[in-house]
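One-letter residues, chain by chain:
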Amino acid sequence: MSDPLFEVIDATWPAASVRQAGGFLIREGRGGGSRVSAASLIERFETADIAAAIAAQRDLGQDPKFMLRPGEDALDAALADRGFEAFDPVVILTADLAALPREVPPVTAFAHWPPLAIAREIWAENGIGPARQAIFDRARTPKAAVLGRSRDRAAGAAFVAIHSRTAMLHALVVAPEFRRLGLARAILAEACRWAETEGAERMSLVVTRANTAALALYRDLGMQPVCAYHYRREARR
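Cut-off values and rules
Residues numbered from 1 in each chain as written. Predicted model: local features only at pLDDT ≥ 70, side-chain atom pairs only at ≥ 80, totals over all residues. Heavy atoms only, no water. Disulfide = S-S within 2.5 Å. 1 Å grid on protein atoms, 1.4 Å probe; cavity = no way out; pocket = protein on both sides within 12 Å on 5 of 7 lines; lining within 4 Å. Points joined across faces, edges and corners; volume = space filled by probe spheres on them. Helix = DSSP H or I, 4+ residues; strand = E, 2+ residues; numbered from the N terminus. Nonpolar A, V, L, I, M, F, W, Y, C, P; charged D, E, K, R; others polar. Pairing = 2+ DSSP bridges. Contact = heavy atoms within 4.5 Å. Axes fitted to C-alpha atoms, helices over the stretch in contact; angles between N-to-C directions.

### With respect to the state of the cysteines
Part 1: This structure, assessed with the given rule, holds 0 disulfides.
Part 2: No disulfide involves Cys 192; its nearest neighbouring cysteine sulfur is the one of Cys 227, lying 20 Å away.

### Examining the layout of surface pockets
Part 1: Computed from the structure, the largest pocket encloses a volume of approximately 1200 Å³.
Part 2: Residue lining of the largest pocket: 37 residues in total, with Leu 172, Val 207, Asn 211, Ala 214 and Tyr 218 positioned closest to the centre.
Part 3: Elements with a contribution of two residues or more to the lining of the largest pocket: strand E5 (84–96), strand E9 (166–174), helix H6 (183–197), strand E10 (202–208), helix H7 (212–220) and strand E11 (224–234).
Part 4: Top contributing element to the lining of the largest pocket by residue count: E9, with 6 residues.
Part 5: Within the lining of the largest pocket, the residues separate by chemical class into 22 nonpolar, 9 polar and 6 charged.

### A few points about the sheet that holds strand E1 (residues 17–21)
Part 1: Overall, antiparallel pairing links the 3 strands, which are arranged E1-E2-E3 in an open sheet. Sheet topology places E1 and strand E3 (40–41) at the edges, where each strand pairs with a single neighbour.
Part 2: Of the pairings in the sheet, the one linking E1 to strand E2 (residues 24–28) comprises 5 bridges and is antiparallel in character. When the bridges of E2 are listed, Arg 19 appears paired with Ile 26.
Part 3: Those strands touched by helix H2 (residues 50–59) are E1 and E2, and its axis lies near 15 degrees from that of E2.

Written as structure tokens, this is what we have:
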């Protein structure tokens, strides 16, 4: 059985559509990245049909890729034998909201919905374009955008949503010229404050292992890694 945090990911960062094929959940991502387009195993590996899952993804116009969660070593090996390469190892971190900062310096960050145009601009300028922003709009859980300000300017943004009393922070960006000024901490604190008012008990987030600066920040704030996963895709030639 997969970690319940994967349910939080699916609920707070939803695919455009889902279907089943070959014992896999097939996600339609519409350009929103691996998290909303990778297939994941939902039946026993012994009865799964990898070829059917690959065909279903191709039918959606997507390059086949798979999410490999803890305990799915047999699937991981089978995909490797098919020439699928591993990429984007990811860590899920979490902490009780009560243990995280929830006090925000005045006029530094505020939660709101729908996102202000300036928040959407900041996301777009920092790699979170329309396809990923569409994911925010699809979420059907309690949700908020968080706009961060520094030096009297809008300088950062994040998206936060809640499922089963667990909030998950996504798409946290800070404009390059405003990094290392504490704005990411303020945005996270405001997300925690908002989540607590909405009845959440825990905060979680997903970070690639390559993002060592973010991992260090979140660990420093008291968040702990609790789960890891990675993806596989057809090797690029």
